[in-house]
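Topology and contacts: notes
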Amino acid sequence: MSVGEGSTAPESRPAPRQRRDARRNRDRLVAAAHEVFAEQGLDAPLDVIARRAGVGNATLYRHFPTRAALVDAVFRDQLTDTMAAGERVRTAPDAWTGLRDYLDVVFGTLAADRGTNDLMTTHLPDVESLRSVHAHNRRTVELLLDRGRGEGTVRPDVTTEDVLFALAALGRAVPSLTAAAGPDAWRRPLALLLDGLRAAPPPPLPGRALTGAELGEVLQEMGPHRARAGGAG
């Protein structure tokens, strides 16, 4: 039987094995990218990701023509979880509890790996899911602050921009904090930040203060020289 106009020749369709191989390569690239981004941040070289996935650069670019497309594939589900947490706390019994619980979730996510931290504390254009989560995060914080002012638990002069700036600045330090002082080291400075928003006297701070040596480690880790192996410059 001849192939008529508008029909597709059987040989032009990808074979089932080809489709399976393509899907497997894509999954391997996403898994490798998650590992490399967690270790090195979102500016990690893409050829390192391709090598770890066991594929060539051409295969990576065939599946993900831009870095933003790869980042979106790696982190979309995680960003969706953050938005879901925001939806839950918007209906918390009181605004202060909602704000505290929400920031616990957000900072736990920031501490998970450097890639997530880069993604949520800086601006990366063309990542659609990131635009959505930033807008949702802003609205969540705004609603909780408005409620808190009405309930008398949030100081009246604090703005959404005040809080978002302070959260981003602290968030950038989280990987260095956890590396120097343990996985929950971010809880104490976050509690201190929250105390600055309170309209009432604050409770005692959780955890312990950094030692002088740990503070030095944190500041060294945050410096631009941290990527240089071996030190001589």
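Above this text you will find the structure in question.
Residues numbered from 1 in each chain as written. Predicted model: local features only at pLDDT ≥ 70, side-chain atom pairs only at ≥ 80, totals over all residues. Heavy atoms only, no water.

On to the pattern of salt bridges, then. In total, this model carries 19 salt bridges according to the counting rule given. Where Arg139 meets Glu142, a salt bridge forms, and the shortest distance between an N and an O atom there is 2.8 Å. You can see Arg139 and its partner Glu142 sitting in helix α7 (residues 128–151), three residues apart, about one turn around the helix. Of the residues examined, Arg139 reaches a relative accessible area of 40% and is grouped as partly exposed. With its nearest N and O atoms 2.7 Å apart, the salt bridge here joins Glu214 to Arg208. Residue class for Glu214 comes out buried when judged on its relative accessible area of 11%. Taking the relative accessible area as the measure of exposure, Arg208 reaches 48% and is therefore partly exposed. Here the salt bridges do not stand alone but share partners, grouping Glu35, Glu39 and Arg52 into one network. (Salt bridge = Lys/Arg side-chain N within 4 Å of Asp/Glu carboxyl O. Helix = DSSP H or I, 4+ residues; strand = E, 2+ residues; numbered from the N terminus. Buried < 20%, exposed > 50% of the residue type's maximum accessible area, 1.4 Å probe, protein only.)

A surface patch of nonpolar side chains, amounting to about 350 Å² of accessible area, comprises Leu210, Leu215, Leu219 and Met222. With respect to the helices and strands, Leu210 occurs in the loop between α9 (187–195) and α10 (212–222). (Patch = residues over 30% accessible without salt bridge, like charges linked within 9 Å, V, L, I, M, F, W, Y side chains within 5 Å. Areas by Shrake-Rupley, 256 points an atom, 1.4 Å probe, with all protein chains shown as cover.)

With 55 residues, the main nonpolar core has Phe37, Ile49, Leu70, Phe75, Phe107 and Leu190 as its most contacted residues. Elements represented by at least two residues in this core include exactly α1 (16–40), α2 (46–53), α4 (67–89), α5 (95–110), α6 (114–121), α7, α8 (160–181) and α9. Sorting elements by how many residues they give to this core places α4 first, with eight residues. For Ile49, the residues in contact, after removing those within four places along its chain, are Leu29, Ala32, Ala33, Val36, Phe37, Leu60 and Leu70. (Core = buried A, V, L, I, M, F, W, Y, C linked by side-chain atoms within 4.5 Å. Contact = heavy atoms within 4.5 Å.)

The subject of this paragraph is the packing of aromatic side chains. One pass over the structure, following the stated rule, counts two aromatic pairs. Arranged with centres 6.2 Å apart and planes meeting at 25 degrees, the rings of Phe37 and Phe75 form a pair that is stacked. Of this pair, Phe37 sits in helix α1 while Phe75 is found in helix α4, placing the two residues 38 residues apart along the sequence. (Phe/Tyr/Trp six-rings, centres within 6.5 Å; stacked < 30°, edge-to-face > 60°.)

What follows is about the packing of α4 against α5. It is the contact of α4 with α5, at a shortest axis distance of 9 Å, that shows an interaxial angle of 170 degrees. Overall, the two elements α4 and α5 adopt an arrangement that is roughly antiparallel. Within the contact between the two elements, α4 uses Gln78, Thr82, Ala85, Gly86 and Val89 and α5 uses Gly98, Asp101, Tyr102, Val105, Val106 and Thr109. Taken together, the residues that form the contact of α4 with α5 break down as five nonpolar, five polar and one charged. (Axes fitted to C-alpha atoms, helices over the stretch in contact; angles between N-to-C directions. Parallel < 35°, antiparallel > 145°, perpendicular 65-115°, else oblique. Nonpolar A, V, L, I, M, F, W, Y, C, P; charged D, E, K, R; others polar.)

So, about α2. Taken together, the buried positions of α2 are occupied by Leu46, Val48, Ile49, Ala50 and Ala53. Phi for Gly54, located one or two positions after α2, is positive at around 80 degrees.

Checked against the element boundaries, Ser176 lands in helix α8. Apart from the residues lying within four places of it in its own chain, the contact partners of Ser176 are Val218, Glu221 and Met222.

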